[in-house]
Amino acid sequence: MKSAASCLRLSLCLGFLLLACSQVRHLSPADSLSDEDRLNYLVLAAFSPDAAKQYATAGSAQNRADFLDWFWKNPPPGLQSTPDSPLTRPSSPLPSPSSFYRQRALQARSYFGTTDLLNDDRVLTYIRYGPARREQYETRFIETETSRIFVNPAEIWSYDSIGRQLDFVRTGTAYKIVGESKYGPHAVMPALEPVDFSRLAPAFTNDARPLGLEVSLGRLGQHGDSVEVELAFGIPLRTILAEFPPQSRPLVSVRIDLVPRAKGTPAHRSTWLTYAMPPDTTAVDFAVGREVFIRPADIYSFSVTAVTVDGQAASRKVQDLNLIDYARRNQPVSDVLFYSLVDSTYQSSQFDRPDWARVIPLVSPRVRSGQSFYVLYEIYHLSQDSAGNHNAQVNYELVQRETREKAVLPAPRRYITGMGSTGVAVERVHTMDLKPGPYLLISRVRDLADASRPSEHASVTAEFEILPRR
């Protein structure tokens with residue numbers, strides 16, 4: 001049996017061999033073109049890969065010139081919707097679209113095209129959208145107990161003006177887009193919204209078609225002898241598409257029942273919900289709703305029942321929630337809540353938090369490879385300085401649950417400051433090119449305002465799963 005040192009050397013040799021093999025550059029249809037034609041090809045590829053391919057295979061310089069002239073006289077819609085596009089502004093004294101984007105292409109070639117100009121997605125992204133707010137993660141190794149893992153360089157580009165974020169990872173000689181997400185005013189997330197519909201809800205029956213209802217519960221801060229509870233529920237978009245024909249108005253009755261075990265009276269909420277937007281199953285899997293309750297410490301049975309307006313499809317979920325132990329422990333952190341989006345854009349009162357205008361529940365902690373998501377939890381009993389402010393440091397790391405290998409991106413570090421003894425930790429998790437499977441998000445908090453306790457204030461672990469790309 002080989003020693004651990006021999007295995008380590010072997011894994012390193014194999015890793016470097018694979019790395020060397022991965023540096024082979026892929027040929028592009030534009031490899032045989034002149035420098036000038038390559039710039040034109042890149043501009044076309046940034047907006048229409050088909051147009052770029054036609055240009056590269058046009059056969060002659062005159063054919064390429066004719067095609068280019070036709071393209072700028074008939075620009076695709078996507079070209080007109082990009083930031084600072086000359087097609088959306090007065091024509092004079094601004095440069096023509098061809099000159100404008102050619103200048104972008106020259107800049108992109110200078111910044112990102114020295115290694116693999118024709119295959120690097122950053123080049124095309126820069127041409128289309130311009131300069132971004134960039135976060136860069138350099139090449140490094142991660143040590144584990146048995147191996148040394150090579151971490152690919154990565155970049156995250158954010159365009160706040162259009163609310164779009166793109167994740168790049170270098171594979172071989174070029175950076176490739178591995179994830180894309182939206183945020184801000186241009187992002188409207190699928191939601192189940194209350195509607196005034198004066199009709200009694202159909203009865204729940206066990207033989208109805210399943211709606212695929214999912215429910216999650218999270219315990220937050222204490223308010224005297226009571227605890228704040230966040231309830232999130234969702235119905236898969238594919239189910240909405242199947243149950244309600246196009247142009248119809250989806251209507252679902254949702255009833256929430258809270259039954260305490262020892263004291264107090266049961267609570268009930270019942271409402272009709274609708275989903276008015278065309279479902280977009282590429283961004284998230286669920287249309288969701290959110291409710292917040294403040295309940296006395298007890299053990300509760302939470303029941304959520306959803307029934308379609310015709311009574312033909314229904315689901316019910318029941319979960320127990322222990323608020324007694326939670327309150328007695330007086331713990332330093334809340335439960336970890338998962339969201340598909342956290343930002344300062346208002347969408348609906350049901351998604352409002354005191355510190356954020358919009359928190360859209362993920363409901364089920366599962367995302368597709370390349371998608372990003374958010375985790376949020378509250379930190380309690382933080383020390384305060386003379387002005388009443390807290391100051392904490394939060395470190396995160398991702399670990400593959402089964403292999404215990406660390407994830408490919410460096411562990412982010414965040415500093416949390418604010419008034420009072422309660423802080424809120426929010427982190428956007430980028431799955432980048434992580435392999436599908438179960439993962440752990442490990443978060444460690446240090447109270448920087450407490451000089452007597454330089455060690456860890458609290459730690460929390462949350463589980464989530466990465467699903468294969470569609």
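Model, not experiment: these values are computed from the prediction.

J.: Tell me about the nonpolar core, residues and numbers included.
T.: In terms of nonpolar packing, the biggest core is built from 55 residues, with Phe233, Ile235, Val254, Ile256, Phe302 and Val304 touching the most fellow members. The next biggest cluster of nonpolar side chains, apart from the first, holds 34 residues, and it includes Leu39, Ala46, Leu68 and Phe168.

J.: Which residues make up the confidence of the model for the chain, and what are the values?
T.: Scored by pLDDT, the chain comes out at a mean of 86, with 85% of its residues at no less than 70. Put simply, helix H1 (residues 4-21) is where the chain has its lowest mean pLDDT, 38, and strand E14 (residues 299-308) is where it has its highest, 97. Overall, residues 1-22 carries pLDDT values under 50, and its contacts beyond four positions in sequence, including any with other chains, amount to 11 contacts.

J.: Before we move on, can you summarise the pattern of salt bridges with the specific residues and values?
T.: One pass over the full model with this rule turns up 21 salt bridges. When the shortest N-O distance is used, the salt bridge between Arg164 and Glu180 registers 3.3 Å. Here Arg164, found in strand E5 (residues 164-171), pairs with Glu180, found in strand E6 (residues 174-182); they are 16 residues apart in sequence, far enough to count as distant. Given the relative accessible area of 44%, Glu180 is considered partly exposed. Shared partners join several salt bridges into a network, and the residues in it are Asp120, Arg122, Arg134 and Glu155.

J.: Describe unusual backbone geometry, listing the residues and the values that go with them.
T.: Of note in the backbone geometry, His381 takes a positive phi value of approximately 60 degrees without being a glycine. Along the chain, His381 falls in the loop between strand E19 (372-379) and strand E20 (389-400). A positive phi angle, near 65 degrees, is found at Arg404, a position not held by glycine. When you line up the elements, Arg404 lands in the loop between E20 and strand E21 (413-419).

J.: Break down the packing of helix H3 (residues 49-56) against helix H4 (residues 61-73) for me, citing the residues and quoting the values.
T.: It is at 9 Å that the axes of H3 and H4 come closest, and there the two elements cross at 155 degrees. On the basis of the axis angle, H3 is roughly antiparallel to H4. Facing H3, whose interface residues are Ala51, Gln54 and Tyr55, H4 presents Arg64, Phe67, Leu68 and Phe71. For the contact of H3 with H4, a count of residues per class yields five nonpolar, one polar and one charged.

J.: Describe the sheet that holds strand E10 (residues 226-236), listing the residues and the values that go with them.
T.: With antiparallel pairing, the three strands of this open sheet are ordered in space as E9-E10-E13. The open sheet has two edge strands with one neighbour each: strand E9 (214-223) and strand E13 (286-296). The sheet shows a mean angle of 20 degrees between the axes of neighbouring strands, direction not considered.

J.: Give me the lowdown on empty space enclosed by the protein, citing residues and values where you can.
T.: If you walk through the whole model with that rule in mind, you get one cavity of 30 Å³ or more. Counted as a void, the largest cavity has a volume near 30 Å³. Where the lining of the largest cavity is concerned, the elements lending two or more residues are E19, strand E23 (437-447) and strand E24 (456-467). Here the lining of the largest cavity is built from residues that sort into seven nonpolar, one polar and no charged.

J.: Requested: an account of the pairing of strand E4 (residues 154-159), with residues and values cited.
T.: A large share of E4 lies buried, amounting to six of its six residues. Neither face of E4 is exposed, since Ala154, Ile156 and Ser158 on one face and Glu155, Trp157 and Tyr159 on the opposite face are all buried. Pairing of strand E1 (residues 133-137) with E4, which is carried by five bridges, proceeds in the antiparallel orientation. Residue Arg133 lies in a different strand from E4, and its bridge partner there is Ser158. Bridging between E4 and E5 involves six bridges; their strand directions are antiparallel. Residue pairing across strands places Ala154 opposite Val169, the latter belonging to E5. Remark: four residues form the turn of the hairpin made by E4 and E5, two consecutive strands paired antiparallel; Gly163 in that turn has positive phi of roughly 65 degrees.

J.: Give a detailed account of the sheet that holds E6, specifying residues and quantitative values.
T.: Ordered by their spatial adjacency, four strands build an open sheet running E1-E4-E5-E6, and the pairing between neighbours is antiparallel. The sheet is open, and its two edges are formed by E1 and E6, each paired on a single side. Taking each pair of neighbouring strands and ignoring which way they run, the sheet shows an average axis angle of 20 degrees. Of the strand pairs in this sheet, E5 and E6 are connected by eight bridges, and their pairing is antiparallel. Each bridged residue has a counterpart across the sheet, and for Arg164 the counterpart in E6 is Lys182. The strands touched by helix H7 (residues 121-129) within the sheet are E1, E4, E5 and E6, with E4 carrying the most contacts at an inclination of about 10 degrees.

J.: Break down the packing of aromatic side chains for me, citing the residues and quoting the values.
T.: Evaluation of the coordinates by the stated rule reveals 17 aromatic pairs. Where Tyr439 meets Phe464, the ring centres are 5.8 Å apart and the plane angle is 15 degrees; that geometry is what we call stacked. In this pair, Tyr439 is assigned in strand E23 and Phe464 in strand E24, connecting sequence segments 25 residues apart. Each of the two residues, Tyr439 as well as Phe464, counts as buried. Taken together through their ring pairs, the aromatic side chains of Phe47, Phe71, Trp72, Phe100 and Tyr101 make up a single cluster. When the ring centre of Phe204 is taken as reference, the NZ or CZ atom of Arg316 above it lies at 4.2 Å.

Parameters at a glance
Residues numbered from 1 in each chain as written. Predicted model: local features only at pLDDT ≥ 70, side-chain atom pairs only at ≥ 80, totals over all residues. Heavy atoms only, no water. Core = buried A, V, L, I, M, F, W, Y, C linked by side-chain atoms within 4.5 Å. Buried < 20%, exposed > 50% of the residue type's maximum accessible area, 1.4 Å probe, protein only. pLDDT = per-residue confidence, 0-100. Helix = DSSP H or I, 4+ residues; strand = E, 2+ residues; numbered from the N terminus. Contact = heavy atoms within 4.5 Å. Salt bridge = Lys/Arg side-chain N within 4 Å of Asp/Glu carboxyl O. Axes fitted to C-alpha atoms, helices over the stretch in contact; angles between N-to-C directions. Parallel < 35°, antiparallel > 145°, perpendicular 65-115°, else oblique. Nonpolar A, V, L, I, M, F, W, Y, C, P; charged D, E, K, R; others polar. Pairing = 2+ DSSP bridges. 1 Å grid on protein atoms, 1.4 Å probe; cavity = no way out; pocket = protein on both sides within 12 Å on 5 of 7 lines; lining within 4 Å. Points joined across faces, edges and corners; volume = space filled by probe spheres on them. Phe/Tyr/Trp six-rings, centres within 6.5 Å; stacked < 30°, edge-to-face > 60°. Lys NZ or Arg CZ within 6 Å of the ring centre and 35° of its normal.

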